[in-house]
Amino acid sequence: MILRTIYALCLLGATYNHWAIIVRHGLLWDYDGLPVVSAVFWTSLAFLDPAAVVLLFLRPRVGVAATIAIIVVDVVHNLWILAHCYPPLSRTLLETPGVIAQIVFMVFVLGSARIACRSR
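Caption draft 1: Main features of the environment of proline 35. As for its position among the elements, proline 35 is in the loop between helix 1 (2-25) and helix 2 (36-58). Residue proline 35 is classed as partly exposed on the basis of its relative accessible area of 33%. Measuring from C-alpha to C-alpha, the distance between proline 35 and leucine 48 comes to 20 Å, with 13 residues separating the pair along the chain. Those residues in contact with proline 35 that lie beyond four places of it in its chain are Trp80 and Ile81.

Caption draft 2: Layout of a nonpolar patch on the surface. Together, Trp19, Val23, Leu27, Leu28 and Phe47 give the surface a local cluster of nonpolar side chains, amounting to about 590 Å² of exposed area. Its location among the elements puts leucine 28 in the loop between helix 1 and helix 2.

Definitions and limits used
Think of each chain on its own: its residues are numbered from 1, step by step along the sequence as written. With pLDDT at 70 or above as the cut-off, local features in this predicted model cover only qualifying residues; side-chain atom pairs require 80 or more to be listed or tallied, and sums for whole chains, interfaces and linings still use all residues. As a rule here, side-chain values come from all non-hydrogen atoms in the structure, and water together with hydrogens is ignored. Strands here mean DSSP runs of E at least two residues long; helices mean DSSP runs of H or I at least four residues long; both are numbered from the N terminus. The buried label applies to any residue whose accessible area, calculated with a 1.4 Å probe on protein chains only, is under 20% of its type's maximum; exposed applies above 50%, and partly exposed to all values in between. Two residues qualify as a contact provided that any one of their heavy atoms is within 4.5 Å of a heavy atom in the partner residue. Patch definition: residues with relative accessible area over 30% and no salt bridge; like charges joined within 9 Å; nonpolar side chains (Val, Leu, Ile, Met, Phe, Trp, Tyr) joined within 5 Å. Methods summary: accessible areas were calculated by the Shrake-Rupley approach with a probe of 1.4 Å, and residue burial reflects only the protein chains presented. Salt bridges are defined by distance alone: a side-chain nitrogen of Lys or Arg within 4 Å of a carboxyl oxygen of Asp or Glu.

Below you can see the structure in the form of structure tokens.
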């Protein structure tokens, strides 16, 4: 339960960030000209992250699986954006502590998911 609560708190923090962007720029913001697929993905996280939070407590195994899927896809996507739109990746990554935090969260989730699924 403690692990799922940590996951939920991190996802709620991300939810706040995504909704802050939506409030500031609107649902259809293109993130200053980034690919449409990226903008749609980031906006969708405002809905997917809190859905995963609910699932973490109502259907723990599904919630943990959703958390894994969300964070892995988000990290891969964000690294791709950094590498292709803001090269070189090594320099850009050092300048984006948010992405580093996502990577740390991903490693934590992947390393603890089995325990989180078993706990009540």
